[in-house]
Amino acid sequence: MWLPSRFTLKFAVCALRRGVLKSHPHVLRRGGCNTAAFMPEAAGFEGVSGRAALQEFSVSNSEDFWAAVARQRLSWVRPFHTVQDCDLSRGRIKWFQGGMLNVSVNCLDRQVHICPERVALIWERDERGSEVRYTYRELLEMTCRVGNLLKRYGVKRGDCVTIYMPTCPLAVASMLACARIGAAHNVVFAGFSAEALAERIRDAQSSIVITMNQGVRGGKVTELKKTVDTAVQSCPTVRHVFVAMRTEKLVPMTDRDVLMDEEMLKEDVVCEPAAMNSEDVLFLLYTSGSTGKPKGLVHTQAGYLLYAALTHRYVFSYHDGDVFGCVADIGWITGHSYIVYGPLANGATTVLFESTPVYPDPGRYWETVERLKINQFYGAPTAIRLLLKYGDQWVNKYDRSSLKTLGSVGEPINTEAWEWYHRVVGEGRCPVVDTWWQTETGGICIAPKPSEPDEEIVPGMAMRPFFGIKPVLMDTEGKVMTSNNTSGALCIAQPWPGMARTIHNNHQRFIETYCQPYPGYFFTGDGAYRSPEGYYQITGRLDDVINVSGHRIGTAEIEDVVNQCSAVAESAVIGYSHDIKGQGIYAFVVLKKNMKIKEEDLYKQLNSVVSEKIAKYACPDFVLLVKRLPKTRSGKIMRRVLRKVVESDLDSLGDLSTLDDPSAVQEIIEGHAKISTKGQ
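Residues numbered from 1 in each chain as written. Predicted model: local features only at pLDDT ≥ 70, side-chain atom pairs only at ≥ 80, totals over all residues. Heavy atoms only, no water.

So what exactly am I meant to see when it comes to the overall build of the protein here?
Of regular secondary structure, the protein possesses 20 helices and 33 strands. In terms of overall dimensions, the protein has a C-alpha envelope of 70 × 65 × 50 Å along the principal axes. Within the protein, the fraction of its 680 residues that count as buried is 62%. Accessible surface for the protein amounts to roughly 24800 Å². Of this, 49% is attributable to carbon and sulfur atoms. (Helix = DSSP H or I, 4+ residues; strand = E, 2+ residues; numbered from the N terminus. Buried < 20%, exposed > 50% of the residue type's maximum accessible area, 1.4 Å probe, protein only. Areas by Shrake-Rupley, 256 points an atom, 1.4 Å probe, with all protein chains shown as cover.)

Explain helix H6 (residues 169-181) here, please?
With 13 residues, H6 ought to run about 18 Å at 1.5 Å a step, and its terminal C-alpha atoms sit 18 Å apart, in line with that. Here H6 lies mainly inside the structure; 13 of its 13 residues are buried. The first or second residue beyond H6 is Gly182, which carries a positive phi of 90°. (Expected span 1.5 Å × (residues − 1).)

Help me understand the sheet that holds strand S14 (residues 281-286), please; the structure alone is not making it clear to me.
The sheet built from 8 strands is open, its strands ordered S12-S11-S8-S6-S7-S14-S15-S26 with mixed pairing. Since the sheet does not close on itself, it has two edges, and those belong to strand S12 (257-259) and strand S26 (502-503), each with one partner. Strand direction decides the pairing type here: strand S6 (residues 160-164) and strand S7 (residues 184-187), joined by 4 bridges, are parallel. Following the sheet pairing, Cys160 is matched in S7 by Ala184. Strand contacts of helix H11 (residues 333-345): S7, S14 and strand S15 (296-300), with the helix running at about 140° to S14, the strand carrying the most contacts. (Pairing = 2+ DSSP bridges. Contact = heavy atoms within 4.5 Å. Axes fitted to C-alpha atoms, helices over the stretch in contact; angles between N-to-C directions.)

What is the right way to look at the nonpolar core in this model?
Within soluble globular proteins, side chains that are nonpolar tend to cluster in buried spots. Counting 141 residues, the largest nonpolar core has Phe65, Phe96, Leu139, Leu150, Leu170, Tyr341 and Leu344 as its most contacted members. Grouped together as the second largest cluster of nonpolar side chains are 28 residues, Leu372, Leu387, Ala417 and Val424 included. (Core = buried A, V, L, I, M, F, W, Y, C linked by side-chain atoms within 4.5 Å.)

Just to check I follow, could you spell out the packing of aromatic side chains for this structure?
The description of an aromatic ring pair rests on the distance of the ring centres and on the angle between the ring planes. As enumerated under the stated definition, the model contains 39 aromatic pairs in all. Where Tyr153 meets Phe242, the ring centres are 5.4 Å apart and the plane angle is 75°; that geometry is what we call edge-to-face. Of this pair, Tyr153 sits in the loop between helix H5 (136-152) and S6 while Phe242 sits in strand S11 (residues 240-244), placing them 89 residues apart in sequence. Residue Phe242 is classed as buried on the basis of its relative accessible area of 0%. Between Tyr586 and Phe622, the aromatic rings sit 5.4 Å apart at their centres with planes inclined by 25°, giving stacked as the arrangement. Linking Tyr586 in strand S32 (residues 582-591) with Phe622 in strand S33 (residues 622-625), this pair joins segments that are 36 residues apart in sequence. The two residues Tyr586 and Phe622 agree in class, both being buried. Its end group placed over the ring of Trp123, Arg125 keeps NZ or CZ at 5.2 Å from the ring centre. (Phe/Tyr/Trp six-rings, centres within 6.5 Å; stacked < 30°, edge-to-face > 60°. Lys NZ or Arg CZ within 6 Å of the ring centre and 35° of its normal.)

It is not clear to me how the packing of helix H3 (residues 62-73) against helix H10 (residues 301-315) should be interpreted in this structure. Could you clarify?
The geometry of a pair of packed helices is captured by two quantities: the angle between their axes and the separation between those axes. Contact geometry for H3 and H10: axes closest at 11 Å, N-to-C directions at 90°. The angle between the axes of H3 and H10 places the two elements in the roughly perpendicular class. Across the interface between the two elements, Phe65, Trp66, Val69, Ala70 and Arg73 of H3 pack against Leu306, Tyr307, Leu310, Arg313 and Tyr314 of H10. Looking at side-chain class alone, the contact of H3 with H10 contains 8 nonpolar, no polar and 2 charged residues. (Parallel < 35°, antiparallel > 145°, perpendicular 65-115°, else oblique. Nonpolar A, V, L, I, M, F, W, Y, C, P; charged D, E, K, R; others polar.)

It is not clear to me how the sheet that holds strand S19 (residues 405-408) should be interpreted in this structure. Could you clarify?
Each strand in a sheet pairs with another by means of backbone hydrogen bonds, the pair being arranged parallel or else antiparallel. An order of S5-S4-S17-S16-S18-S19-S20 is seen for the 7 strands of this open sheet, with the pairing classed as mixed. Whereas interior strands pair on both sides, the edge strands pair on one side only; in this sheet they are strand S5 (132-135) and strand S20 (432-434). Strand after strand, the sheet turns through a mean of 20° between neighbouring axes, direction not considered.

Even after reading the chapter, I still don't get the domain arrangement of the protein, so can you show me in this structure?
Accessible area lost when the parts come together is the quantity often used to give the size of an interface. Split into domains, the protein comes out as domain 1 (93-355 + 436-530) and domain 2 (553-679). Its C-alpha centre places domain 1 at a distance of 32 Å from the equivalent point of domain 2. Contacts between the two partners involve 10 residues from domain 1, matched on the other side by 9 residues from domain 2. Of the roughly 900 Å² buried between domain 1 and domain 2, counting both surfaces, carbon and sulfur atoms make up 50%. Remark: the boundary between domain 1 and domain 2 carries 1 salt bridge. The residue Asp660 makes a salt bridge to Arg217 at a minimum N-O spacing of 3.4 Å. Viewed at the interface, domain 2 and domain 1 are joined by 1 residue pair in polar contact (both at pLDDT 80 or more). (Domains from an automatic or database assignment. Buried area = accessible area lost by both parts, 1.4 Å probe. Salt bridge = Lys/Arg side-chain N within 4 Å of Asp/Glu carboxyl O. Polar contact = N/O pair within 3.5 Å; in protein donor to acceptor, adjacent residues only side chain to side chain.)

Here it is as structure tokens:
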């Protein structure tokens, strides 16, 4: 594995048109006296005072807002002449046309120019206590070496490099190296099977794949090179596979394979950055494939980087010198936006977490917080629910006084988990930002922060749209719902810089999926509730809405109530075909550790609380106790798998290699077989 050289780096710093903004206290006072301190660009926005006014300006004067922010916060090789040229009804999205820049320069060179020895990355390796730090100077050196190596092996501007690596510094350098030389990257989650990897390589038409001999996670070793060897057999475009060493185990090498660590040493530490157009492709990122053929969503240079950086700074109240701890995997959009591009564009110190929440014990997150002095912690609700099950002692064992903000990402967080996160982990003093966004949106769109200092945060609600975001709710007839205290399909009424531009090789599918359902609006596929106060709560995917006897209800809403039961750690709810009601409700429940309760008693308890909190029609027809739910390694509950089990369609379970523990599926199959024969 490539480690920091600690040698002096010889490099030429690119001329920067503008300096990097220093952080300002993230305070918005009513009356607006500190609005410009909060966001310096606001000084040029006439009559804007306070967060609400700034949000309104960013939506009603979108071009002025984004132009000011883009000019100030990005370093341009050539300034843009057109802020936006967008038509959502036609799927045309273009930002900052005429402008040229290099993303790696914005993330690395300008930080090196200011503070070369600032720590850029802290690699929290699987082996606890063995973290490795990389300065911005060292990360730039590594990036340049990788960039030169890619060019030596024929990668050109516009090519796409597939990266199949765990969360580690060399993966970050590989992403930035692609950006530096003008190639796109296609990071594939290192838990995907050979078949899933091959499908993504073929669609991206990559000639180079970058991987490691092995991966290490939770004390277990995965054979990454072996998976790549199998995948590339059906990928005729692949000419070379770069292999880095995470462990000391030697793996079989062919003429196609390149020992990356050795070859990087032959490369110069200076790599001329390519001047890229704002709308050139930065990366492809494929959705998990849980809803059919994977979609290679396309994100471009300037707009994506700007949006990732702005949301990172303001949603999490990031300040210079903070240590930002996003514990997602680099293979997902969360890792792209809030491990790599957002933090590095802001000159942050960002943590790469290679392990699991429970290795070697359930205190791993909080021991890491204490040792690395993490200030902002960003994790998934599923991990929070898992740790809640183990009790408070694993949290209280460690000093968490460094924490200032807690974040939640990936799915709606239930009330009990939110309150435990806030009360126990954050000691009641750290705001919890429940963030809503998607691979398609590029960055956070709805979150409790930024807000006025005395504004409330409601547990389990994403709440407030970010700058430039105008959410709307649509009814079943495609009309905008203007009142509060209502639910509908969540759309976004106008374009923003961070949004995906297309689906790779299939723009028609992009239009049909996101632009045609509600012409003139971006359709998110999610349902949402807008409270009487105007706050937004995500109710779940619209394909996760259950229709019981004509009553529509989101699975997330039922799960939130089920999870409030004292015995329940977490749950997953699906709909199934019911002869009388159209759809019935099936709940899969994981109990808290050492909790003992009879299934019949739990069934009665759940029906009582659901009837009380929602309605009798929302009560589960079946409740199955399981030890664990089928999840991807990123924490996403695979409800598709649960549906197939309940439908007895086991032949269509599909690829289970992405699951954290595939054996969980067999347990559920056996449990369902028992429960369906006796009924409840």
